[in-house]
Amino acid sequence: MKVMKFGGTSVGSVESILSLKKIVEAEKDSVIVVVSALGGITDKLIATSQLALNGDEIWKDEFDAMQSRHHEMVNTVITDTAKRTTLLATLDELFEQLRSIYYGVFLIHDLSPKTQAAIVSYGERLSSHIVATLIEGGRRFNSRDFIKTVRKQGKNVLDTELTAKLVKEAFGSVCGDSMATNRIVPVVPGFISRDRDTGETTNLGRGGSDYTAAIIAAALDADVLEIWTDVDGFMTADPRVIKTAYTINELSYVEAMELCNFGAKVVYPPTIYPVCVKNIPIKVKNTFNPEHPGTLIKQKIENDRKPIKGISSIKGTTLITVTGLSMVGVIGVNRRIFSTLAENGISVFMVSQASSENSTSIGVRDEDADRAVEVLNMEFSKEIVTGAMFPMHAESGLATIAIVGENMKHTPGIAGKLFGTLGRSGISVIACAQGASETNISFVVDAKFLRKALNVLHDSFFLSEYKVLNLFICGIGTVGGNLIEQINSQYKQLKETRQLKLKVVGIASSKKAIFNRDGIDLRTYKTLMEQAEPSNIVRLKEEIIGMNIFNSVFVDCTASADVAALYQDFLDHNISVVTANKIAASGPYADYHKLKKTALQRGIKFLFETNVGAGLPIIGTINDLLNSGDKILRIEAVLSGTLNYIFNTLSSSVPFSETVRLAKEKGYAEPDPRIDLCGKDVIRKLVILTREAGYKVEQEDVEKHLFMPDSFFEGSLDEFWKNLPQLDADFEARRKVLEAEGKRWRFVAKMEKDNDEQATGMGFKTSVSLEAVDQHHPFYGLEGSNNIVLLTTERYKEYPMLIQGYGAGASVTAAGVFANIMSIANI
């Protein structure tokens, strides 16, 4: 035998109530059905009573609307004319009773608790008549005949023994084989009860229909209690906040209770107690998706290896701190705190106390905060006057999060992982609590970080099927466009083989931007960008920081100084930065150092591998050498793919001016090739490598030996192209001499440790110059636009380390940016 409870959403619409009928009638075993009021009716009953109390005649319209809704439901779902007529008459009789009560409240402007209890009972009384008539074999039972309460300390409390006895008597004649054979299906209105002594209508409080079902299941030793609702079961987290949340197959009673207490509104917490005592399993099912297996709640879970089962949260938290030196070592302070709050009907859902005993922090709901502060200040008024204690301090605008799982006690390091994950995401924990049972770790955070905290914890504890990295891509030119194509082409493979989702949540150009927390379809991003709203640097910053999204990475594929200036703000908000833009890493050393330091302190990343050598692993290799204890003594490098292409292409048939034009056409050079020819790009790269090698250097410190007169870098771009052929004859003459000597030109960047530190004042020197190298030099055979780097270190002194490969091109640069993104995903 099973007890099936259907909530308000399960009886709130034609679709749902017909699904209820189908579900119940498909049962072959004996069942008892418990129903809530039609969805939203209980709140409507209460709101209408307040209108009547205030003398507002609108109560009549609200009353008529409720009656019409029930009539419409009956006229739609009850097809038998005779049954429909009888049912409507029954409902109208109940509505007349309800109308009389409302009218009385309206006339005398008084609404006693007794009258309010009577009013709210009509929701379940009405719905149970409809369901009993709808279901084949349905027979309505009045729960007030067997669910009995007694008045204790101003509250209606279940009389457990009497209720159990009456439930057995009420269903004894219909339970068992006769129920299945004759198809008698008892239908019980949930929530409502009757006072044992006075006979007045009472109720079991919020979630009382769940409680009614559990009471009946426990009294009759049911095989299972089924809770039918509008979700597939308990979820690992709130699916409205975490898109990747999924249904938990099995929970223990303790885990379910903890999740319920901290905001998971799947079942009412007291529901669990009556069936837990009898070891009766609870199954949570979805009326709208009955084929889904749902969540099974039972005493012990077999083969349960997951340390964390779910994450739950409570919004609207206020933390009240009781503090004072007089609390240290004094017995009874906490008793006074909790007794005072209990006497005033204030519930505390979290407690955190310092081991020194000089402060206790308690979590209450926002609506109880002012009253709690008031009564606690009154209770400790004498101590406050003498200075032995301080006035209560209340901090609002908070949220409480709980991670729940019975296996936490068998898994070391859960708390460390929890706080480490939050810290790396820039989320401060204001207070925390964990019981000795280690089933629940609760903590309080600023409410504005709730969504971010839930997402990052859900992802970190592998409750999500996939790890998610949220990307903001700025710049959709050659590098940015290639990057988006690469991410789109790799998305499916990374999802299947690495359980990784690279979700692009923002794309920006210099003029427009699109943002979508749920992700942007990269197949249509160009169309979306054409339709996008105008954007600028201010909006870009506000949107990204304002989204406050977890595991986020800002990817800069521009060459903009304005964009680079945003990095510090992003890092300060725990947004990692991956950039192909050299401006930040080669700018003032103080700014570079601050960016690196911020990323290190916050446990996030500031990565710029493609600043030097496009996709070559140059910076990463230098970092690995230093981290393993080596020391960089000398760097020699050809770092401009553009200049290398120019000097490799230069020949008797291809003059210098033509090689520059070809470099631009092939995409190796900047739109204004003077940026490459002036050596500034190489200087920036050398500065970056020198800094990464552990030396403090500015661009101004680099010695420059350029190969073109300064006059060519002045004036307009058109003038430059017009005047450039003037250099062809000189370059050709010099090239012939070079060819005769068996040498080639390479624009070389150098950093070398200076043995005479007093000569430079720095202990090293840096320079860029056009050098002629012979065929024995490693740079001689460098082809096309390739880059090459020689690293001389204390370990690689006799035979320097050589890194060589493509050093320019949009696709390899984008691939290098992609590799940096993946390194963050691998953390």
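Residues numbered from 1 in each chain as written. Predicted model: local features only at pLDDT ≥ 70, side-chain atom pairs only at ≥ 80, totals over all residues. Heavy atoms only, no water.

Caption draft 1: Looking closely at the sheet that holds strand E26 (residues 632-638). The strand order E27-E29-E28-E26-E30-E31 describes an open sheet built from six strands, whose pairing is mixed. A strand with exactly one partner marks an edge of an open sheet, and here the two such strands are strand E27 (703-705) and strand E31 (801-806). Across the sheet, the axes of successive neighbouring strands diverge by a mean angle of 20°, strand direction being ignored. Of the strands in this sheet, E26, strand E30 (786-793) and E31 are in contact with helix H23 (residues 618-627), which crosses E30 at around 10°. Packed onto the sheet, helix H27 (residues 680-692) meets E26, E27, strand E28 (743-753) and strand E29 (764-774) and runs at close to 125° relative to E29. (Pairing = 2+ DSSP bridges. Helix = DSSP H or I, 4+ residues; strand = E, 2+ residues; numbered from the N terminus. Axes fitted to C-alpha atoms, helices over the stretch in contact; angles between N-to-C directions. Contact = heavy atoms within 4.5 Å.)

Caption draft 2: Looking closely at the sheet that holds strand E6 (residues 185-189). Within the open sheet, the eight strands sit side by side as E3-E6-E2-E1-E9-E11-E12-E10. Their pairing is mixed. In the strand order of this sheet, the two ends are held by strand E3 (138-140) and strand E10 (250-252), each with one partner. For this sheet, the mean inter-axis angle between neighbouring strands, taken without regard to orientation, is 25°. Pairing of strand E1 (residues 2-6) with strand E2 (residues 31-35), which is carried by five bridges, proceeds in the parallel orientation. Residue pairing in the sheet places methionine 4 in a bridge with valine 33 of E2. Helix-sheet contacts for helix H1 (residues 14-25) involve E1, E2, E6 and strand E9 (224-229), and the interaxial angle to E1 is about 175°. In the packing of helix H5 (residues 113-134) onto the sheet, the strands contacted are E2, E3 and E6, and the crossing angle to E6 comes to about 165°.

Caption draft 3: Representation of the nonpolar core in the model. Counting residues in each nonpolar core, the largest one holds 105 residues, and the members touching the most others are Phe554, Phe656 and Phe707. With six residues, H27 is the largest single contributor of residues to this core. Contacts of phenylalanine 554, omitting those with residues within four sequence positions, involve Phe472, Cys474, Leu540, Ile544, Val563, Tyr567, Phe570, Ile575, Ser576, Val577 and Val578. Of all hydrophobic cores here, the second largest spans 51 residues; its members include Leu166, Phe234, Ile297 and Ala433. (Core = buried A, V, L, I, M, F, W, Y, C linked by side-chain atoms within 4.5 Å. Buried < 20%, exposed > 50% of the residue type's maximum accessible area, 1.4 Å probe, protein only.)

Caption draft 4: Molecular detail of the environment of asparagine 440. Inspection of the secondary structure puts asparagine 440 in strand E18 (residues 440-446). Judged by relative accessible area, which is 8%, asparagine 440 ranks as buried. In sequence terms asparagine 440 and glycine 405 are 35 residues apart; their C-alpha atoms lie 6.6 Å from each other. Setting aside anything within four residues of it in sequence, one finds asparagine 440 in contact with Glu258, Phe262, Ala402, Ile403, Val404, Met408, Ala433, Gln434 and Gly435. Polar contacts involving the side chain of asparagine 440 include one to the side chain of glutamate 258, which spans 2.8 Å. One polar contact links asparagine 440 to serine 442, side chain to side chain, over a distance of 2.5 Å. (Polar contact = N/O pair within 3.5 Å; in protein donor to acceptor, adjacent residues only side chain to side chain.)

Caption draft 5: Representation of the packing of helix H3 (residues 58-77) against helix H4 (residues 81-108). In contact at an axis separation of 11 Å, H3 and H4 are set at 165° when each is read in the N-to-C sense. Overall, the two elements H3 and H4 adopt an arrangement that is roughly antiparallel. In terms of crossing hand, the pair formed by H3 and H4 is right-handed. Listed contacts from H4 to Trp59, Phe63, Asp64, Met66, Gln67, His70, His71, Val74 and Asn75 of H3 are Arg84, Leu87, Leu88, Leu91, Asp92, Phe95, Leu98, Arg99, Tyr102, Tyr103 and Phe106. Broken down by class, the residue content of the contact of H3 with H4 amounts to 12 nonpolar, four polar and four charged. (Parallel < 35°, antiparallel > 145°, perpendicular 65-115°, else oblique. Left-handed = near helix turned anticlockwise from the far one by under 90°. Nonpolar A, V, L, I, M, F, W, Y, C, P; charged D, E, K, R; others polar.)

Caption draft 6: Spatial organisation of a nonpolar patch on the surface. Judged by side-chain polarity, Tyr103, Leu107 and Ile108 come together as a nonpolar surface patch covering roughly 320 Å² of accessible area. Here tyrosine 103 is to be found in helix H4. Classification of tyrosine 103 as partly exposed rests on a relative accessible area of 41%. (Patch = residues over 30% accessible without salt bridge, like charges linked within 9 Å, V, L, I, M, F, W, Y side chains within 5 Å. Areas by Shrake-Rupley, 256 points an atom, 1.4 Å probe, with all protein chains shown as cover. Salt bridge = Lys/Arg side-chain N within 4 Å of Asp/Glu carboxyl O.)

Caption draft 7: Structural context of the pairing of strand E20 (residues 500-508). Of all nine residues in E20, seven are buried, a share of seventy percent or more. Relative to E20, strand E19 (residues 467-474) runs parallel, the two being bridged by eight bridges. Across the sheet, the residue bridging to leucine 469 is leucine 502, located in E20. Handedness of the crossover joining E19 and E20 through helix H16 (residues 478-498) is recorded here as right-handed. As paired elements, E20 and strand E21 (residues 512-515) share three bridges and run antiparallel to each other. Across the sheet, the residue bridging to glycine 506 is phenylalanine 515, located in E21. Turn length for the E20-E21 hairpin, with the two strands adjacent in sequence and antiparallel, is three residues. (Right-handed = clockwise from strand over helix to strand, strands pointing away.)

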